[in-house]
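Observations on the model geometry
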Amino acid sequence: MTVASHPLVVRARELADGLLAPAAERVDQEGVPASHIEATRRSGLLGVSAPVAYGGSAAPAAVVRETAEILAGACCSTWFVQTQHHTPVLTLAKTALPVRERLLGPLARGELLSGVAYAHLRSYPRVPVRVRREADGWRFSGTVPWYTGWGLNDVMLLAGVTEDDEALFAFVDAREQPGLRPSEPMRLAALSASRTVSLELDGLWVPEEAVALLMPYADWAASDHPKTLNANPAVFGITRAALTLVEEEYAGVLRARLDEVRRHAYALADHPMPQERAEERLAVRAEAFTLMRTATEAAVVTGGGRTMLLTHRAQRLAREALFLLVQGQTSSSRTAHLRHLAQGPR
């Protein structure tokens, strides 16, 4: 079976062509509707990486990447909401703690949708969210700067740093409750539709049985770092979508370059040692960004003045590309990207 013929890839294309892409400009202005999430649930894509024993598909990495490209290229806001779900699934798949048996099945089968609130851990030694032990549970205090999918998610994987410098991850109901208060939805230059808020945590109590991961922060950071080195498949999805709007005389040249960069990026992603060749990974990541920017700019130029309308696809893709430039950014990826930009055209 090829990647293109894999059932999940076929379903992703059907979802993208039949629902997501035709509604993308409206969703961009109005917000991701619950019906989009329901359609994603029915497609089985929420379980793309989940263990088969729990109702998932445990699909190969190439299939996971292809489905991400397809969804992001069709409607980046919907892709961004649902992509949050996969980290909680993978976290549960690797843990032996009791919460695994309670939540992994429902998440793998798409019966529940999860968000994530952990990117702030990457700002260490600054600690936006502190956790302290209390009786048979934990108290969370601080601010989660970004939380996506509010009002759509059923649960969230919430993280903080303990007094002993441990990273603690636990599952919490994604709703306002004592100790957890959301902001109003943020107005963003791109992906406002993703229902992103900040969360104020004022002594939110979480029981011990909700904990999914507890480990020294340094160990967690070492395992997290390689994830931020590789090119995001969504970048290639946006690039591919933008090139469909460009005259073939020019799109063909950029598409050939896209194929080359994409092959390089995914070869690195499949390397058995994810910590190795960090500089090369960051360089390819920056190159993928440059190509995405070129493709979306070409789409805007092709469309002319009409692209300034909020209902124009090229303008939406260009704004989504801006978002992906900083999504998941770390100090090392920022430095590598700026260095790449400073070198100028090659």
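The following refers to the structure shown. Since the model is a prediction, treat every value here as computed from it, not as a measurement.

Rules and cut-offs
- Residues numbered from 1 in each chain as written.
- Predicted model: local features only at pLDDT ≥ 70, side-chain atom pairs only at ≥ 80, totals over all residues.
- Heavy atoms only, no water.
- Helix = DSSP H or I, 4+ residues; strand = E, 2+ residues; numbered from the N terminus.
- Rg over C-alpha atoms; globule rule 2.2 N^0.38 Å.
- Buried < 20%, exposed > 50% of the residue type's maximum accessible area, 1.4 Å probe, protein only.
- Contact = heavy atoms within 4.5 Å.
- Lys, Arg positive; Asp, Glu negative; His and termini not counted.
- Charge placed at Lys NZ, Arg CZ, Asp CG, Glu CD.
- Phe/Tyr/Trp six-rings, centres within 6.5 Å; stacked < 30°, edge-to-face > 60°.
- Lys NZ or Arg CZ within 6 Å of the ring centre and 35° of its normal.
- Pairing = 2+ DSSP bridges.
- Arc of directions from axis to C-beta.
- Core = buried A, V, L, I, M, F, W, Y, C linked by side-chain atoms within 4.5 Å.
- Polar contact = N/O pair within 3.5 Å; in protein donor to acceptor, adjacent residues only side chain to side chain.
- Salt bridge = Lys/Arg side-chain N within 4 Å of Asp/Glu carboxyl O.

**Some words on the overall build of the protein**
Across its full length, the protein carries 12 helices and 8 strands. Taking 2.2 N^0.38 as the reference for a compact globule, 346 residues should give roughly 20 Å; the C-alpha atoms of the protein span a radius of gyration of 20 Å, in line with that estimate. Over its C-alpha atoms, taken along the principal directions, the protein stretches across nearly 65 × 45 × 40 Å. In the protein, which comprises 346 residues, the proportion classed as buried is 51%. Expressed as a percentage of contacts within the protein between residues at least 6 apart in sequence, the contacts between residues at least 24 apart total 73%. Within the protein, the 38 negative side-chain charges are centred at a point lying 3 Å from the centre of the 37 positive side-chain charges.

**So, the packing of aromatic side chains**
Taken as a whole and judged by the stated rule, the model has 9 aromatic pairs. Seen in terms of ring centroids, tryptophan 79 and phenylalanine 80 are 5.8 Å apart; in terms of plane orientation they differ by 35°. Their pairing is tilted. Seen in terms of ring centroids, tyrosine 124 and tyrosine 217 are 4.1 Å apart; in terms of plane orientation they differ by 25°. Their pairing is stacked. Note that tyrosine 124 is positioned in the loop between strand 1 (114-117) and strand 2 (129-134) and tyrosine 217 in helix 7 (residues 217-224), a separation of 93 residues in sequence. A residue is classified by how much of its surface remains accessible, and tyrosine 124, at 30% relative accessible area, is partly exposed. Judged by relative accessible area, which is 9%, tyrosine 217 ranks as buried. In textbook terms, an aromatic cluster arises when at least three aromatic residues are bridged by ring pairs, as seen for Tyr118, Tyr124, Phe169, Tyr217 and Trp220. Over the ring of tyrosine 266 we find arginine 65; its NZ or CZ atom is 4.3 Å from the centre of that ring.

**A short note on the environment of alanine 221**
Along the chain, alanine 221 turns up in helix 7. Overall, the relative accessible area of 25% leaves alanine 221 in the partly exposed class. Sequence separation between alanine 221 and alanine 167 is 54 residues; the distance between their C-alpha atoms is 8.9 Å.

**Notes on the pairing of strand 4 (residues 155-162)**
Of all 8 residues in strand 4, 8 are buried, a share of seventy percent or more. The pairing of strand 1 with strand 4 spans 4 bridges and is classified as parallel. Counted as the bridge partner of alanine 117 is leucine 158 from strand 4. Alignment of strand 2 against strand 4, held across 2 bridges, turns out to be parallel. Considered in strand 4, the bridge of valine 131 is made with threonine 162. Alignment of strand 4 against strand 5 (residues 166-173), held across 7 bridges, turns out to be antiparallel. Bridge pairing in strand 5 places valine 155 opposite aspartate 173.

**Thoughts on unusual backbone geometry**
Put simply, tyrosine 124 and proline 125 share a cis peptide bond, and its omega is 20°. Position of proline 125 among the secondary structure elements: in the loop between strand 1 and strand 2. Positive phi, close to 65°, is recorded for leucine 191, a residue that is not glycine. With a phi close to 55°, arginine 277 is a non-glycine residue in the positive phi region. Relative to the helices and strands, arginine 277 is located in the loop between helix 9 (248-269) and helix 10 (278-303). Look at arginine 277 and you get partly exposed, because its relative accessible area is 42%.

**Some details on helix 7**
Burial in helix 7 covers these residues: Tyr217, Trp220 and Asp224. Down the axis of helix 7, the buried side of the element spans an arc of 65°, and every buried residue falls inside it. For helix 7, the secondary structure elements touched by its buried residues are strand 4, strand 5 and strand 8 (211-216).

**Some details on the nonpolar core**
Counting 62 residues, the largest nonpolar core has Val32, Leu71, Trp79, Phe236, Ile238, Met292 and Leu324 as its most contacted members. Where this core is concerned, the elements lending two or more residues are helix 1 (7-30), helix 2 (34-43), helix 3 (61-74), helix 4 (76-83), helix 8 (233-243), helix 9, helix 10 and helix 11 (313-326). The element best represented in this core is helix 1, accounting for 9 residues. Setting aside chain neighbours within four positions, we find valine 32 in contact with Val27, Ile37, Ser77, Thr78, Val81, Leu152, Ala193, Ser194 and Arg195. Among the nonpolar cores identified, the runner-up in size contains 23 residues, and Leu92, Leu103, Val127 and Tyr217 belong to it.

**Re the side chain of histidine 6**
In this fold, histidine 6 is placed in the segment before helix 1. Residue histidine 6 is classed as buried on the basis of its relative accessible area, which comes to 15%. Looking at histidine 6, its side chain comes within polar contact range of the main-chain nitrogen of leucine 8, at 3.1 Å.

**Side note on the pattern of salt bridges**
Oppositely charged side chains can pair when the atoms bearing their charge come close. Using the criterion set out here, one finds 23 salt bridges in the structure. The closest approach of N and O atoms between arginine 262 and glutamate 69, which form a salt bridge, is 2.7 Å. Here arginine 262 is found in helix 9, whereas its partner glutamate 69 is found in helix 3, with 193 residues between them in sequence. With a shortest N-O distance of 3.0 Å, glutamate 248 and arginine 255 are connected by a salt bridge. Within the structure, one salt-bridge network assembled from shared partners comprises Glu38, Arg41, Arg42 and Asp154.

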